[in-house]
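The primary structure of each chain is shown beneath.
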Amino acid sequence: MMLHFTNARLIDPEACSDAPGSLTVADGLIAARDADAPKGAIRINCGGHCLAPGIVDLGVKIGEPGERHRESFRSAGLAAAAGGVTTIIARPDTAPAIDTPETLEFVTRRAAEASPVRIRHMAALTKGRAGREMTETGFLLDAGAVAFTDAGHVVSDSKVLARALTYARSLGALVIGHPQDPGLSHGAAVTSGKFASLRGLPGVHPLAERMGLERDLALVEMTGARYHADQVTCAASLPALARAKSGGLDVTAGVSIHHLTLNDLDVGDYRTFFKFTPPLRPEADRLAVVEAVASGLIDILCSMHTPQDEDSKRLPFEEAAAGAVALETVLPAAMRLYHCGALSLPQLFRAMALNPARRLGLPQGRLAIGAPADLVLFDPDAPFLLDRFTLRSKSKNTPFDGQRMEGKVLATWVGGTRVFGEDR
Amino acid sequence: MTFRARHLLGIEHLAPEDIRTVLDLSERYVDLNRRTIKRTDVLAGMTQINMFFEASTRTQASFELAGKRLGADVMTMQVAQSSLKKGETLIDTALTLNAMQPDLLVVRHPSSGAVNLLASKVTCAVLNAGDGQHEHPTQALLDALTIRRAKGRIQRLTVAICGDIAHSRVARSNLLLLGKMENRIRLIAPATLMPSGVNDFGCEVFDDMAEGLKGCDVVMMLRLQKERMDGGFIPSEREYYHRYGLDAEKLAHARPDAIVMHPGPMNRGVEIDGTLADDINRSVIQDQVEMGVAVRMACMELLARNLKAERGRLAAGALA
């Protein structure tokens, strides 16, 4: 089957271009750019809206196995399709953790049956994410794990992490760390400072992130492993990251959309939908991190989609669960960064699609000929008022509830098949 | 008219006029409380429920007495922490009680913000009797009344708040109130017991007690909250007492007519010398307890008035 997208505003992160054009898709792959419509192709009039590579979302929590009442592969897949996310990179912090090839095979099968978008899986770095023994890295790699991470758990024993990194390097596996000093951040609900003190909430100093990052980077230097820091959210961490990169270490870093668009004061009167790990940061940090995404120092922008049911959020702030759903809101939230002039659309899709795909060795994230036709058509200017109960995720915990957003996904294709939106 | 609030969750949302309204009304109750017949019928027929999720003696007794003297039907519930798995049933408990149609809910809870959460789920007026390390508004109001009676005013004073500021909701509420009333505030504590971001508070910050107390009109001591401390914040109680315990010698740095306050319960010989605490010429600690009942009566009267007005408006709306 052939598709011909006309009258599109093509957002190409690889060429860093944002220009009108057309795109031809054949057999699920991008076949031509700005060519005439081939005979028999289905014409799709993009109406001047943006056509970009689908988002590759690194670090999505799905509740299978263990917490299907919060999110299933089906619900996550539908939410992703509606949000322009064409590849979900799922986290292994499930119950039980994805730490054996058998569990990995189970989730891979379930995901393929249930989800309209692609789902790839990460595996735990240590058994049970307990930070003591490494998982069967080789078997897991063979079974399709794209990266290894204990997600929100820091491997606090440096010797265990050093060994896991050394072993991973020998297999060429990517290790994803959560940079945070576990002692300083223990029990923290917000970032320390005046706001934390006036709210009487336990806080963690931003330097705890740099301490965790510096330790991990030293171990990467020691072992030569491929490393990605899942969330770098503080200005103080950025020089360490820049130093590691210019020193030739194989290091990348990510940040969640929430840390780019919200700050610590948004917690307000104990609003638990604004509780995150790491916690939201002061405005100066947010601005520094946005700037780092623009410069490319921070490579990857992700949703850190974390579904939580109502009961785990309807608690006093300290006891409430952290995280927010974001598969459906990551694109409109990212448009805030575009509309305020901080990031161009190619820069945004470089961070949301091209870089994560590249880092994981996936062919997605590009508009190049031969790339998979994973595409999102969106109107960056379409305004709407977000009602959390309209979200497709099983969990509705979004901090953007009731907020004015700009940017609507009109349609999404995975491998040339439309998975969201109407015929055009 | 001032003090239009539905709930009293903290000093944060009060305006200086609201604070003055509470203090003025409290004065009337101080007089009433000194009479033999103390009862009024301001809250007659109304139901007050005190929910204490955290152990308390004086605050609980004070609220109970305040409600009874106003003529309310008062019930006090001690919700043992052991039976509540970390606040899990907080909302359920609140909804259950709310269904019994109370008019005033007085709540103390060990988690910051828990009372705000509860207030958002019930239809009655909620009075914060202390939530975690967040606020304890009636304590700040009774402290203000005590100061105003002792000093003749509640502005342009130099007030030192000393001790375990990091863990103290009393300190936070007092900081907010004294700041709103335009006083000069000094915070005196070892650096480990200072809250984070303290330099942005607009207060003067000291770690030396003698220096910090110089020229102060009011010295507020705080209890060392051993139960909230996980891990060493101070090397030992005796070193703490030596450097930060208030005794006559340290107090000599303050103004000769400076008053000494403490929210209680006191750790004698840890943050304050026992003899000084009992010195009726300097210590107003017993006055604070007395003012507590009056201030709580005033707060409950104001909240009840607002609640009645709101219900009246709703009823009028339903008829219209």
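Residues numbered from 1 in each chain as written. Chains lettered and ligands numbered in written order. Predicted model: local features only at pLDDT ≥ 70, side-chain atom pairs only at ≥ 80, totals over all residues. Heavy atoms only, no water.

**Student:** Help me out: how do you make sense of the overall build of chain B in this one?
**Tutor:** Each helix and strand in chain B was counted, giving eleven helices and nine strands. Over its C-alpha atoms chain B spans a radius of gyration of 20 Å, differing by no more than 12% from the 20 Å that the globule rule assigns to 320 residues. Along the first, second and third principal axes, the C-alpha atoms of chain B reach 65 × 45 × 40 Å. Across the 320 residues that make up chain B, the buried fraction comes to 58%. Taking as baseline every contact in chain B between residues at least 6 positions apart, the subset at least 24 positions apart corresponds to 75%. Across chain B, the mean location of the 40 positive side-chain charges is 4 Å away from that of the 39 negative side-chain charges. (Helix = DSSP H or I, 4+ residues; strand = E, 2+ residues; numbered from the N terminus. Rg over C-alpha atoms; globule rule 2.2 N^0.38 Å. Buried < 20%, exposed > 50% of the residue type's maximum accessible area, 1.4 Å probe, protein only. Contact = heavy atoms within 4.5 Å. Lys, Arg positive; Asp, Glu negative; His and termini not counted. Charge placed at Lys NZ, Arg CZ, Asp CG, Glu CD.)

**Student:** Quick question: what am I supposed to make of the pattern of salt bridges here?
**Tutor:** This structure, assessed with the given rule, holds 41 salt bridges over all chains. For the salt bridge of E310(B) with R6(B), the shortest nitrogen-to-oxygen distance reads 3.5 Å. With a gap of 304 residues between them, E310(B) in helix α11 (residues 285-319) and R6(B) in the segment before α1 (16-33) connect regions that are remote in the sequence. The class for E310(B) is partly exposed, based on a relative accessible area of 24%. The class for R6(B) is partly exposed, based on a relative accessible area of 26%. Here the salt bridges do not stand alone but share partners, grouping K61(A), E67(A), R70(A) and D309(A) into one network. (Salt bridge = Lys/Arg side-chain N within 4 Å of Asp/Glu carboxyl O.)

**Student:** Explanation requested: the packing of aromatic side chains in the structure shown.
**Tutor:** Two descriptors summarise a pair of aromatic rings, namely the distance from one centre to the other and the angle between the planes of the rings. Residues and elements named next belong to chain A. For the structure on display, the rule yields three aromatic pairs over all chains. Each ring, one from F349 and one from F378, has its centre 5.5 Å from the other, and the planes form 25°; the classification is stacked. You can see F349 sitting in helix α13 (residues 345-359) and its partner F378 sitting in strand β16 (residues 375-385), a full 29 residues away along the chain. The pair formed by F349 and F378 is uniform in burial state, with each residue classed as buried. Directly above the aromatic system of Y270 lies the positively charged group of R199, at a separation of 5.7 Å from the ring centroid. Directly above the ring of F317 sits K275, whose terminal nitrogen or CZ lies 5.6 Å from the centroid. (Phe/Tyr/Trp six-rings, centres within 6.5 Å; stacked < 30°, edge-to-face > 60°. Lys NZ or Arg CZ within 6 Å of the ring centre and 35° of its normal.)

**Student:** What should I look at first to understand the nonpolar core in this one?
**Tutor:** Nonpolar side chains in soluble globular proteins tend to end up buried together. Counting 100 residues, the largest nonpolar core has I88(A), I298(A), L348(A), F349(A) and F378(A) as its most contacted members. When residues no more than four places from it in sequence are discounted, the contact partners of I88(A) are D57(A), V60(A), I62(A), A76(A), A80(A), V117(A), R118(A), I119(A), R120(A) and L327(A). Listed in part, the 89 residues of the second largest apolar core include L224(B), I272(B), I285(B) and A304(B). (Core = buried A, V, L, I, M, F, W, Y, C linked by side-chain atoms within 4.5 Å.)

**Student:** I'm lost on the side chain of T86(A) in this one. Help?
**Tutor:** One can find T86(A) in strand β7 (residues 85-90). Overall, the relative accessible area of 0% leaves T86(A) in the buried class.

**Student:** Which parts of the structure should I look at to understand the interface of chain A and chain B?
**Tutor:** Frequently, the measure chosen for interface size is the accessible area that the parts lose on association. Across the contact, 16 residues belong to chain A and 24 residues belong to chain B. Taking both sides of the interface into account, the surface hidden between chain A and chain B amounts to around 1600 Å²; carbon and sulfur atoms contribute 53%. Two residues, E12(B) and R199(A), come together in a salt bridge whose shortest N-O distance is 3.1 Å. Inspection of the chain A/chain B interface yields eight residue pairs in polar contact (both at pLDDT 80 or more). Its residues assigned to classes, the side of chain A that touches chain B shows six nonpolar, four polar and six charged. (Buried area = accessible area lost by both parts, 1.4 Å probe. Polar contact = N/O pair within 3.5 Å; in protein donor to acceptor, adjacent residues only side chain to side chain. Nonpolar A, V, L, I, M, F, W, Y, C, P; charged D, E, K, R; others polar.)

**Student:** Explain the sheet that holds strand β9 (residues 259-261) of chain B here, please?
**Tutor:** Consider a sheet: its strands pair through backbone hydrogen bonds, and that pairing is either parallel or antiparallel. Residues and elements named next belong to chain B. Spatially, β7-β6-β5-β8-β9 is the arrangement adopted by the five strands of the open sheet, whose pairing is parallel. Both outer strands of the open sheet, β7 (204-206) and β9, are each paired with one neighbouring strand and no more. The mean angle between the axes of side-by-side strands here comes to 20°, regardless of whether they run parallel or antiparallel. Bridge count between strand β6 (residues 184-188) and β7: three bridges; the pairing is parallel. Across the sheet, the residue bridging to L187 is V205, located in β7. Contacts from helix α5 (residues 137-151) reach β8 (218-221) and β9 within the one sheet, and its direction differs from that of β9 by about 165°. (Pairing = 2+ DSSP bridges. Axes fitted to C-alpha atoms, helices over the stretch in contact; angles between N-to-C directions.)

**Student:** I would appreciate a short explanation of the confidence of the model for chain B in the present structure.
**Tutor:** Close reading of the predicted structure is inappropriate where its pLDDT is low. Averaged over all residues, the pLDDT of chain B equals 93, while 95% of them reach at least 70. Quick note on the complex model: pTM equals 0.94, ipTM equals 0.91. (pLDDT = per-residue confidence, 0-100.)

**Student:** In this structure, what is going on with the layout of surface pockets? I would like to understand it.
**Tutor:** Any space left empty among the atoms is revealed by the rolling of a water-sized probe across them. Residues and elements named next belong to chain B. Roughly 530 Å³ of internal volume is contained in the second largest pocket. For the second largest pocket, the lining is made up of 28 residues, of which R58, T59, R108, G264 and P265 are closest to its centre. The set of elements that each furnish at least two residues to the lining of the second largest pocket consists of α2 (58-69), α5, α6 (169-180) and α11. (1 Å grid on protein atoms, 1.4 Å probe; cavity = no way out; pocket = protein on both sides within 12 Å on 5 of 7 lines; lining within 4 Å. Points joined across faces, edges and corners; volume = space filled by probe spheres on them.)

**Student:** Just checking my understanding: could you explain the sheet that holds strand β15 (residues 300-302) of chain A for this structure?
**Tutor:** With parallel pairing, the five strands of this open sheet are ordered in space as β9-β10-β13-β14-β15 (chain A). If you trace the sheet from one side to the other, it starts and ends with β9 (148-149) and β15 of chain A, each paired once.

**Student:** How should I be thinking about the packing of α1(B) against α5(B) in this particular structure?
**Tutor:** Between two packed helices, what matters for the description is the angle formed by their axes and the separation of those axes. All names here are of chain B. Between α1 and α5, the shortest axis-to-axis distance is 10 Å and the interhelical angle comes to 70°. Considered as vectors, α1 and α5 are oriented roughly perpendicular to each other. On α5, the residues that touch I19, R20, V22, L23, D24, S26, E27 and V30 of α1 are L141, A144, L145, R148 and R149. Looking at the contact of α1 with α5 residue by residue, the class counts come to seven nonpolar, one polar and five charged. (Parallel < 35°, antiparallel > 145°, perpendicular 65-115°, else oblique.)

**Student:** Even after reading the chapter, I still don't get unusual backbone geometry, so can you show me in this structure?
**Tutor:** Outside of glycine, negative phi angles account for most residues, and trans bonds account for most peptide bonds. Residue and element names in this part refer to chain A. Cis geometry is found at the peptide bond from E64 to P65, where omega equals -5°. With an omega of 0°, the peptide bond running from A95 to P96 counts as cis. Within the secondary structure layout, P96 lies in the loop between β7 and α2 (101-114). In this structure, R129 is a non-glycine residue whose phi angle is positive, near 50°. Position of R129 relative to the elements: it lies in the loop between β8 (118-121) and α3 (137-142). Since its relative accessible area comes to 15%, R129 is described here as buried.

**Student:** I'm lost on empty space enclosed by the protein in this one. Help?
**Tutor:** All names here are of chain A. With the rule as written, the count across this model stands at three cavities of 30 Å³ or more. Taken as a whole, the largest cavity spans an internal volume of roughly 100 Å³. At the level of elements, β10 (174-177) and α7 (207-223) are the ones that each hand at least two residues to the lining of the largest cavity. No other element matches β10, which puts three residues into the lining of the largest cavity. Residues belonging to the lining of the largest cavity are distributed by class as follows: eight nonpolar, four polar and three charged.

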